[in-house]
Amino acid sequence: MAITTTPAAVTAQTARAPRDEPEGRGRTLRAFKASPATYAVLLIVSAILFVPFVFVVSIALSSDQTVNTNSFTVIPREFEWGNFVRVFTSDLPMGRFVVNSAVIAFFAVIGQVISSSLVGYAFARLRAPGKNAVFLVVLATMMIPAQITMIPQFILFKELGWVNTFLPLIVPNFFSNAFNIFLVRQFVSRMSSEVDEAAMMDGLGFFGIYRRMILPMMFPILVAIGIFTLTATWGDFMGPLIYLNDESKMPLALGVQYIASTGQALQAPPWNFVMVGSLLLTVPMICVYYLGQKYLYEMNLSGGSAGVK
Amino acid sequence: MATSLSPSATKPTEPPAPSPAAPVRRMSTSRRREARYFYLFISPWIVGFLAFMLGPMIASVYYSLTDWDTFTPPTFVGIDNYVRLFTDDPIFWKALGNTFYYAAISVPLGLVLGLWLAHLLNKQVRARKLFRTLIYLPTLVPLVATAMIFQMVLAPDGPLNGLLGWFGIDGPAWLLDPDWVKPALIVLSAWGAGGATVLLLATMKGIPNEFYEAAEIDGAGSARQFWSITFPQVTPIIFFNLIMGLIGAFQIFSQVYILTSGGPNNASQMVVPLLFNEAFSYYRMGYASAISWVLFVIILLFTLVAFRTSRRWVFYETEMR
């Protein structure tokens, strides 16, 4: 699960908003000029990357007739906009899936934001014996593949009677993960400590400093962590697959696969509904990224590769 | 909390030693209080580490030495699981081979594509933001949706074979053909190459223009400038993507599980889907735990090798000083 977060996270970490130098002004290096060949390649590649999206929309807008005869086209021929309503009114629990995903993602985000901000603040600001050793352990946990802990965690949650509930997918988030702790620590370390020293003079305790001084300033990094957690939980497939058997408990990521795998022997899966489901999975992530990219680029932790090294 | 009493309470002078016998350097009360708060603040992580990381890891080592179906008590079998894994399980070897094959092609391919696209976008391209967005878009799609999409794209009469048909190529039945199912999964992975592109592009933008100006004065051509300036400057990012890509490739699961279930005839079976089946379809928890440790060792070895060799080709600016 942590792995899914990481590439996006690093993107944000290093992607200093590229300085788009005003084009055509001043002296341009020969090597920097785009040739027609460059445009041709970019156009072709973009088109190839974009075709699957067009195809998805085309299938999502197909009639049941087309689904049964499996005669889809890449460019939409039919426009059954009603499919977007029917997935919620048919006996497929698509609405339920969406609500389940939203509930799980909401609590997971809350859990990560609260716990990472507390732990990250402590690592950035408080002094204690053994702190560096503990931080090394935090970083080391990033190396352990999730598969190692998957089975014992399943046994643990089974013993607790949490199988077929949202708890196994939500609760671990309240204990933070190494990557988010690291992000918060980096972010807070770079803030001036004069503010908290002044606050301490005024008699504020450590929790008060965290709550009233640091937390508000952490906003960008917490938004970023929220986005990573949301993306990871919203799209998570393996976790729900292990813990949720009941159709009515499934989140969208599992539900879409569930719908696609139904009725294999006798009739074709309702591909138009599956693709509406895929769009419901995808479009919110694109919106979140679009709205949140400002914060993702703001994080800019200790300048690019230094953090990676 | 004593802090609220007076400002000086936060930084008091050394109080009279309560236990004069203590030979070690003693901390001031404020320092000790700070340390207490530190451990209080990080307690969520400590609890999580013990409950969801260290405890499970120890349990996993133990399970891997047992035969356990979760319904009857585990029986200790020593290293039998590991022995069987290596000497008596052709499916495991096949899955391992497939995973290596997938990683060996998909990771370099993703890096080369990412680097190439970043290099193109680093030029003075009109509508760069649009291209950048289009290239990055696939990485925002959740894996399940990606798998659903590619189930249709890779269908025998799907768009990919349609495209190949334009060039007179009769495309295979990708997911149904043992020879083509792994390449199909690699095609799917290449769709997400844009993730690396954004990172690399951002780094390329940070390379000082003077480097290129100097190179141009020296008569270096476009290709020479790329290999002598751009490439060395982005090697740390390439290295990072290599490590993350390797780890991700060895842990491939959802695509295989949804698209092929490891078939046809185990041609696309990989380590994690196999582990998942052993654990949650056949309830062989001990055997599955053993697989997870073998996977861990493999990932660790690859990471170490990558780190070792990185000294030869990864360029860090700090080395110049």
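Rules used in this analysis
- Residues numbered from 1 in each chain as written.
- Chains lettered and ligands numbered in written order.
- Predicted model: local features only at pLDDT ≥ 70, side-chain atom pairs only at ≥ 80, totals over all residues.
- Heavy atoms only, no water.
- Helix = DSSP H or I, 4+ residues; strand = E, 2+ residues; numbered from the N terminus.
- Buried < 20%, exposed > 50% of the residue type's maximum accessible area, 1.4 Å probe, protein only.
- Contact = heavy atoms within 4.5 Å.
- Areas by Shrake-Rupley, 256 points an atom, 1.4 Å probe, with all protein chains shown as cover.
- Lys, Arg positive; Asp, Glu negative; His and termini not counted.
- Charge placed at Lys NZ, Arg CZ, Asp CG, Glu CD.
- Buried area = accessible area lost by both parts, 1.4 Å probe.
- Polar contact = N/O pair within 3.5 Å; in protein donor to acceptor, adjacent residues only side chain to side chain.
- Core = buried A, V, L, I, M, F, W, Y, C linked by side-chain atoms within 4.5 Å.
- Domains from an automatic or database assignment.
- Phe/Tyr/Trp six-rings, centres within 6.5 Å; stacked < 30°, edge-to-face > 60°.
- Lys NZ or Arg CZ within 6 Å of the ring centre and 35° of its normal.
- Arc of directions from axis to C-beta.
- Axes fitted to C-alpha atoms, helices over the stretch in contact; angles between N-to-C directions.
- Parallel < 35°, antiparallel > 145°, perpendicular 65-115°, else oblique.
- UniProt positions renumbered as here; feature names shortened; annotations may be inferred.
- Salt bridge = Lys/Arg side-chain N within 4 Å of Asp/Glu carboxyl O.
- pLDDT = per-residue confidence, 0-100.

## What about the overall build of chain A?
Then, in step 1: When its secondary structure is counted, chain A shows 16 helices and zero strands.
Then, in step 2: Counting all 309 residues of chain A, 52% fall into the buried class.
Then, in step 3: Restricting the contact set of chain A to residue pairs at least 6 apart, pairs at least 24 apart contribute 73%.
Then, in step 4: Of the roughly 13,600 Å² of accessible surface on chain A, 65% is carried by carbon and sulfur atoms.

## Points about the overall build of chain B
Then, in step 1: The helix and strand inventory of chain B stands at 14 helices and two strands.
Then, in step 2: Referenced to the eigenvectors of the C-alpha coordinate spread, the extents of chain B come out at roughly 90 × 75 × 40 Å.
Then, in step 3: Split into buried and exposed, the 321 residues of chain B put 54% on the buried side.
Then, in step 4: Counting only contacts in chain B whose residues sit at least 6 apart along the sequence, the fraction spanning at least 24 positions is 64%.
Then, in step 5: When the accessible surface of chain B is summed, it comes to about 15,200 Å², and 65% of that surface belongs to carbon and sulfur atoms.
Then, in step 6: Positive and negative charge centroids in chain B, built from 22 and 18 side chains respectively, lie 15 Å apart.

## Quick word on the interface of chain A and chain B
Then, in step 1: Across the contact, 109 residues belong to chain A and 100 residues belong to chain B.
Then, in step 2: Here chain A packs against chain B, burying approximately 9,800 Å² in sum over the two surfaces, 76% of which is carbon and sulfur.
Then, in step 3: Joining chain A to chain B, the criterion identifies seven residue pairs in polar contact (both at pLDDT 80 or more).
Then, in step 4: The element that contributes the greatest number of residues to the side of chain A that touches chain B is helix H2 (residues 36-60) of chain A, accounting for 16 residues.

## Side note on the nonpolar core
Generally speaking, a soluble globular protein has its nonpolar side chains buried in company with each other.
Then, in step 1: Among the nonpolar cores identified, the biggest contains 180 residues, and Tyr121(A), Phe123(A), Met218(A), Trp271(A), Phe41(B) and Met148(B) are the most heavily contacted of them.
Then, in step 2: Domain assignment of the residues forming this core places at least three in each of domain 1 (36-79) and domain 2 (91-299) of chain A.
Then, in step 3: Apart from the residues within four sequence positions on either side, Tyr121(A) is in contact with Ser116(A), Leu126(A), Val184(A), Phe206(A), Ile209(A), Tyr210(A), Ile214(A), Met218(A) and Phe41(B).
Then, in step 4: Formed by six residues, the second largest nonpolar core is a distinct cluster that contains Phe32(A), Ile207(B), Ala215(B) and Ile229(B).

## A look at the packing of aromatic side chains
Then, in step 1: With the rule as written, the count across this model stands at 46 aromatic pairs over all chains.
Then, in step 2: Over the ring of Phe135(A) we find Arg185(A), and its NZ or CZ is 4.2 Å from the ring centre.
Then, in step 3: Across from the ring centre of Tyr287(B), 3.9 Å away, lies the NZ or CZ of Arg84(B), which sits over that ring.

## Let's talk about helix H10 (residues 194-201) of chain A
Residues and elements named next belong to chain A.
Then, in step 1: Regarding H10, the residues found buried are Asp-196, Ala-199 and Met-200. For H10, the buried positions fall inside an angular range of 100° around the axis, keeping them on one side.
Then, in step 2: Close packing links the buried residues of H10 with helix H5 (94-125) and helix H11 (206-217).
Then, in step 3: Positive backbone phi, at 90°, marks Gly-203, one or two positions downstream of H10.

## Focus: the packing of helix H7 (residues 146-159) of chain A against helix H14 (residues 285-313) of chain B
For any two helices packed against each other, one specifies the inter-axial angle together with the distance between the axes.
Then, in step 1: Put simply, H7(A) and H14(B) touch, their axes get as near as 8 Å, and they point 155° apart. Judged by the inter-axis angle, H7(A) sits roughly antiparallel to H14(B). Residues Gln147(A), Ile148(A), Ile151(A) and Phe154(A) of H7(A) form the contact with H14(B), whose participating residues are Met285(B), Ala288(B), Ser289(B), Ser292(B), Trp293(B), Leu295(B) and Phe296(B).

## As for the UniProt feature "transmembrane region" (unreviewed entry) in chain A
Residue and element names in this part refer to chain A.
Then, in step 1: Mapped onto this structure's residue numbering, the UniProt feature "transmembrane region" (unreviewed entry) falls at residues 37-61, 97-121, 133-156, 162-183, 214-234 and 271-292.
Then, in step 2: Overall, residues 37-61 shows 96% helix and 0% strand. The separation of its end C-alpha atoms is 36 Å.
Then, in step 3: With 95% helix and 0% strand, residues 214-234 has its two end C-alpha atoms placed 29 Å apart.

## A look at the domain arrangement of chain A
Residues and elements named next belong to chain A.
Then, in step 1: We note that the domain assignment places domain 1 (36-79) and domain 2 (91-299) within chain A.
Then, in step 2: For domain 1 versus domain 2, the distance between C-alpha centres works out to 33 Å.
Then, in step 3: Across the contact, ten residues belong to domain 1 and nine residues belong to domain 2.
Then, in step 4: Buried surface at the junction of domain 1 and domain 2, summed over both partners, amounts to about 740 Å²; 76% is from carbon and sulfur atoms.
Then, in step 5: When the buried area of domain 1 at its contact with domain 2 is split by residue, Val-56, Ala-60 and Val-67 rank highest and sum to 50% of it.
Then, in step 6: If you look at where domain 1 meets domain 2, you find zero salt bridges.
Then, in step 7: At the boundary of domain 1 with domain 2, the tally comes to two residue pairs in polar contact (both at pLDDT 80 or more).

## Considerations on the UniProt feature "domain: ABC transmembrane type-1" (unreviewed entry) in chain B
Then, in step 1: UniProt's entry tags residues 96-306 of chain B with the feature "domain: ABC transmembrane type-1" (unreviewed entry), counted in the numbering of this structure.
Then, in step 2: Note that residues 96-306 of chain B is 72% helix and 0% strand, and that its end C-alpha atoms are spaced 19 Å apart.

## Quick notes on the UniProt feature "transmembrane region" (unreviewed entry) in chain B
Then, in step 1: According to UniProt, the feature "transmembrane region" (unreviewed entry) maps to residues 37-63, 100-121, 133-154, 184-202, 234-258 and 285-307 of chain B in the numbering used here.
Then, in step 2: Here residues 234-258 of chain B runs as 88% helix and 0% strand, with 35 Å between its end C-alpha atoms.

## Considering the confidence of the model for chain A
All names here are of chain A.
Then, in step 1: Per-chain confidence: chain A averages 84 in pLDDT, with 84% of residues scoring 70 or above.
Then, in step 2: Considering only residues more than four positions removed or in separate chains, one finds that residues 1-25, a stretch of pLDDT under 50, has 56 contacts.
Then, in step 3: For residues 301-309, every residue scores under 50 in pLDDT, and the model assigns this stretch 20 contacts once sequence neighbours within four places are set aside.

## Focus: the pattern of salt bridges
Residue and element names in this part refer to chain B.
Then, in step 1: As enumerated under the stated definition, the model contains four salt bridges over all chains in all.
Then, in step 2: Taking the shortest distance from any N to any O, the salt bridge between Glu-278 and Arg-284 comes out at 2.6 Å.
Then, in step 3: The partly exposed category is assigned to Arg-284, whose relative accessible area is 34%.

## Points about unusual backbone geometry
Excluding glycine, most residues fall at negative phi; most peptide bonds, likewise, are trans.
Residue and element names in this part refer to chain B.
Then, in step 1: Here the amide bond leading from Gly-263 into Pro-264 is cis, since omega sits at -10°, within 30 degrees of zero.
Then, in step 2: Looking at where Pro-264 falls in the secondary structure, it is placed in the loop between helix H12 (254-259) and helix H13 (271-280).
Then, in step 3: Phi angles above zero are rare outside glycine, and Thr-70 is one such case at about 70°.
Then, in step 4: Looking at the secondary structure, you find Thr-70 in the loop between strand E1 (66-67) and strand E2 (75-76).
Then, in step 5: In this structure Thr-70 comes out as buried when scored by relative accessible area, which is 14%.
Then, in step 6: Here the phi dihedral of Ala-127 falls at roughly 60°; this positive angle occurs in a residue that is not glycine.

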